[in-house]
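Coordinate analysis (summary)
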Amino acid sequence: MTYVRNAWYVAAWEQDLPADAPAAMSILGEPIVLWRAGEKLVAMEDRCVHRHAPLSLGRCEGASLRCMYHGLRFDADGRCVEIPGQELIPPTARVKTYPALAKHSWVWVWMGDPALADEALVPPAVGYDDPDYILGHGFLDYEAEARLINDNLLDFSHLSYVHAQSFGTGPEFAGSLPRITPLPRGIRYERWLEGTFGAAMRKSDVPLDSWQTYDFLIPGVLLMWSANYPPGTAKALGHSPPEKLDAIAGLNFTSQAVTPTGEGTARYFFSWGPHCKYGDEAMRDGMMALADRAFGEDKTMIEAQQKVIARDPERPVMPTAHDKGVTLFNRLVQRLAAEEAEARAAAA
Amino acid sequence: MTYVRNAWYVAAWEQDLPADAPAAMSILGEPIVLWRAGEKLVAMEDRCVHRHAPLSLGRCEGASLRCMYHGLRFDADGRCVEIPGQELIPPTARVKTYPALAKHSWVWVWMGDPALADEALVPPAVGYDDPDYILGHGFLDYEAEARLINDNLLDFSHLSYVHAQSFGTGPEFAGSLPRITPLPRGIRYERWLEGTFGAAMRKSDVPLDSWQTYDFLIPGVLLMWSANYPPGTAKALGHSPPEKLDAIAGLNFTSQAVTPTGEGTARYFFSWGPHCKYGDEAMRDGMMALADRAFGEDKTMIEAQQKVIARDPERPVMPTAHDKGVTLFNRLVQRLAAEEAEARAAAA
Amino acid sequence: MTYVRNAWYVAAWEQDLPADAPAAMSILGEPIVLWRAGEKLVAMEDRCVHRHAPLSLGRCEGASLRCMYHGLRFDADGRCVEIPGQELIPPTARVKTYPALAKHSWVWVWMGDPALADEALVPPAVGYDDPDYILGHGFLDYEAEARLINDNLLDFSHLSYVHAQSFGTGPEFAGSLPRITPLPRGIRYERWLEGTFGAAMRKSDVPLDSWQTYDFLIPGVLLMWSANYPPGTAKALGHSPPEKLDAIAGLNFTSQAVTPTGEGTARYFFSWGPHCKYGDEAMRDGMMALADRAFGEDKTMIEAQQKVIARDPERPVMPTAHDKGVTLFNRLVQRLAAEEAEARAAAA
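Residues numbered from 1 in each chain as written. Chains lettered and ligands numbered in written order. Predicted model: local features only at pLDDT ≥ 70, side-chain atom pairs only at ≥ 80, totals over all residues. Heavy atoms only, no water.

- Looking at an unreviewed UniProt entry, one finds chain A named Rieske 2Fe-2S domain-containing protein, with Croceibacterium salegens as its source organism.

Written as structure tokens, this is what we have:
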């Protein structure tokens, strides 16, 4: 599978990374250890230079990380600073590091050329530290390619079928197409549902105009907000986007990120919850219970799809009208990956 | 492994296929979804043309099956008849179907050239719907090649050893050879045990002449009946087959079928029970309990054998006198498979 | 991985091999059945010549072993002596045997040229049958190459880190180097710790001189004894080895053996306990509880290391001063294996 390397990948929820212990992650098949050298967040190759023991079984010692197999110790730049029983430390004793930072409650790791790591390219997610929203969060490990999860998130018509018993979106949702706009590093989806009575989980007695928009950004980050407005709002706005806080109900936000961990595996991170003026912890808990059910439905479908594909990987797909976003995004990935390959070739 | 394709493979016990939901099966490594379009039994490739989601996770809607990923709907001929959000349906939007039918309580699928699918080639099994027999039934999944299970069923001398503690056939059983006759699509086994006191499970106080015969038919279907007769019957008949209903005890029937599901895996279907004039539900239940134990013994042995073979697949076997049926059947498979290959080459 | 074949490999603890039933083992990827033909211990290929069923599912019948698939019977030389239903036994009906013997509580199997199998090459382990020691014993199965476990045992500096919470050896242990001496078929380690107060598990109120020595022998057998002496002993002896029974405390012995079972798997056998003049069953039980914990720490580390290596097997290691023994032993393995290859080529 082709993935862009010059991108910030979500490696962890920040609160899942302890202050004083390393954590293991795998991104694009590369084993990575995450740890905190005091304030500095460090991502290094999860492999000691000595005999390839995983540093994620190591011990944080202040601003350094000690391998707990034979005791070699490394600083935040990956340099070996101690070899027990030996005075000389060869300069080659150095572990590869990756640019890393914490932002919007996520730990991000840059998998491409370190010289191009630009904090401005971190997708503008909403973290559980954002005071405006009351967000739950979690993650799911997939036995499936990240690309298949991306494809799922790039075509919400599956809500009418995969989630017929959870989100409860009726078939009319899949019957219409969202507005799709290319972004420099992603795709924007926008959709007014006019005069709807809501989905199973959020039935309304009166008709509403329901707005839903999300950006799906490189490498695989979905940022979505939705809200309900009085009937007629969509028409009055000429179907352009509304103001968030003009909503009369249901203003909520979800950040989701898909990280390819290895060949045919991925980790799917997600948060969801209401704006603080439109809901509370109880509403968040209800939404998370629903998300657990619905995201399990996705996992069942996508892992089964992965197995079918693995039997005959060369079989062509047959895109439909709903695949416009899938196609645009995958083309963007191909283009960016090709540009990266050209840049590497030019540098060599 | 070589298997014949122009043959009816058992795909399921008919009562295990619900009226209103699809079921997944795999035959010769091909994923298949079984479903009922009203009265018509349908077998199709278990892969949506759109993005390869398995149709076995789909929903039966009258005479059509809907993919529950993005909602494409297919009729009993595999034609796509609905694509949500899109009016035009391309003629290429069609899923491969297989000839399929239900007979003798089994669902059969034809894996070869559909033009050659001939209902007359369905082996004449006895189903649990047969009023003359009181049959229990079940199946076992194997981590072993179907051919190894076929080989097991083609050489009953293993009863004296694998089943020493269950069927309880003594070593004298393996000490003599059955009469073996080639059939156009299989092998016939016949055997009189004269003056026997029966096996552990069916001890007799007086000596009996015990008759056992089975056909083992392409692609891997065993149809066996056995019964006990007064001593002297075998000799009086010149060791030719007896009349079923002349038996004085123990008339029973078993249908068994071995279906290769994938590389190194198989599903083994079986029924067993007495003729209604020679037993009742209680006897059937006792026989099924015994079968569960004995077929588990086969599974243990054959799966272990598979692992040994997998370590060195090229190592030659050393056939014995009891392998006559094994050899004849496997030669038949090779010949039929070669004829199929020639026919495909001639057609191309 | 390269392993020496002309060597005695530990196949089992002798008491784990029943008197009247075969047992399965795998050495260097070869399936082996162990059984007792009366007094004679037999190791044969675990594969019936007939259809490759494992003989370890067979039945001991006096001085022969019967395959319980179709009943072929073999003697202690691997010769088939019975084929049910068949009078003639072809001379090719013979299963490969391996030289095997029981010694020092272990069952040993010679994996190389049988003509070179020399009982004198059995490493001089201390068995649980030795009256001088009170030994517990066990084994652990590894999802890791035997070589990685050998490497672990060839560099005890890991005690300071892997076992920081169990054996409790402090970092000063890894800070100094043992004396290392090559042996014809192994490496000898010797080390005085002078004026030590012991490790966490064996704290002492007064300083002691602690002695530890082990031989690590082809193919992967560790034989170690350690004991404590009055302070000043090391210096008085010019740091040469002490007499065992001059110890004032803590005289104990451990035998350990690493057997490669297959690609990336191994079985690790171990015993440990006090000399009968320095401890009792209760002390042995305490030591075994500690060993269970500590050897589990090794397993966690080494299996994790194996996974990291498997991602990129060609990545070079970076040996340190503590790797002297690792390097010497692995060179010895390479040299012996190359000599074996030359001998085979010359014989061909």
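**A few points about helix α1 (residues 146-153) of chain A**
- Among the eight residues in α1(A), seven count as buried, and that is most of the element.
- Within α1(A), the full set of buried residues consists of A:Ala146, A:Leu148, A:Ile149, A:Asn150, A:Asp151, A:Asn152 and A:Leu153. (Buried < 20%, exposed > 50% of the residue type's maximum accessible area, 1.4 Å probe, protein only. Helix = DSSP H or I, 4+ residues; strand = E, 2+ residues; numbered from the N terminus.)

**As for the interface of chain A and chain C**
- Each side of the interface is counted separately: chain A has 26 residues, and chain C has 31 residues.
- Roughly 2400 Å² of surface becomes buried between chain A and chain C when both sides are summed, with 58% attributable to carbon and sulfur atoms.
- For chain A, the biggest contributors to the area lost against chain C are A:Arg51, A:His52 and A:Tyr69; these three give 33% of the whole.
- Run the count over chain A and chain C and you get three salt bridges.
- In this structure, the salt-bridge partner of C:Asp151 is A:Arg51, at a minimum N-O distance of 3.7 Å.
- The interface formed by chain A and chain C holds 15 residue pairs in polar contact (both at pLDDT 80 or more) in total.
- Classifying every residue of the side of chain A that touches chain C by side-chain character gives 12 nonpolar, eight polar and six charged. (Contact = heavy atoms within 4.5 Å. Buried area = accessible area lost by both parts, 1.4 Å probe. Salt bridge = Lys/Arg side-chain N within 4 Å of Asp/Glu carboxyl O. Polar contact = N/O pair within 3.5 Å; in protein donor to acceptor, adjacent residues only side chain to side chain. Nonpolar A, V, L, I, M, F, W, Y, C, P; charged D, E, K, R; others polar.)

**Observations concerning the side chain of C:Asn228**
Residue and element names in this part refer to chain C.
- Turning to its location among the elements, asparagine 228 is positioned in strand β16 (residues 221-229).
- Exposure remark for asparagine 228: the relative accessible area of 19% places this residue in the buried category.
- Of the polar contacts made by the side chain of asparagine 228, one reaches the side chain of serine 210; its length is 3.2 Å.
- Once residues within four sequence positions are removed from consideration, asparagine 228 is found in contact with Leu208, Asp209, Ser210, Ala247, Ile248, Ala249 and Gly250.

**Section: the UniProt feature "domain: Rieske" (unreviewed entry) in chain A**
- The positions that UniProt labels "domain: Rieske" (unreviewed entry) are, in the present scheme, residues 8-109 of chain A.
- Along residues 8-109 of chain A one finds 0% helix and 46% strand; the C-alpha atoms at either end are 5 Å apart. (UniProt positions renumbered as here; feature names shortened; annotations may be inferred.)

**Here we look at the relation of the copies chain A and chain C**
- When chain A is fitted onto chain C, the two copies agree to an RMSD of 0.0 Å after a turn of 120° and an axial shift of 0.1 Å. A rotation of that kind, with that shift, is consistent with a three-fold axis. (Least-squares fit on C-alpha atoms with pLDDT ≥ 70 in both.)

**Concerning the interface of chain B and chain A**
- Contacts between the two partners involve 26 residues from chain B, matched on the other side by 32 residues from chain A.
- Across the chain B/chain A interface, buried area totals approximately 2400 Å², and carbon plus sulfur atoms make up 58% of it.
- Summed over the three residues of chain B that lose the most area to chain A, namely B:Arg51, B:His52 and B:Tyr69, the buried surface amounts to 33% of that side.
- Taken together, the connections running from chain B to chain A amount to three salt bridges.
- Close ionic contact of A:Arg315 with B:Glu45 constitutes a salt bridge, the shortest N to O distance being 2.6 Å.
- For the pair chain B and chain A, the interface holds 15 residue pairs in polar contact (both at pLDDT 80 or more).
- Considered class by class, the residues forming the side of chain B that touches chain A number 12 nonpolar, eight polar and six charged.

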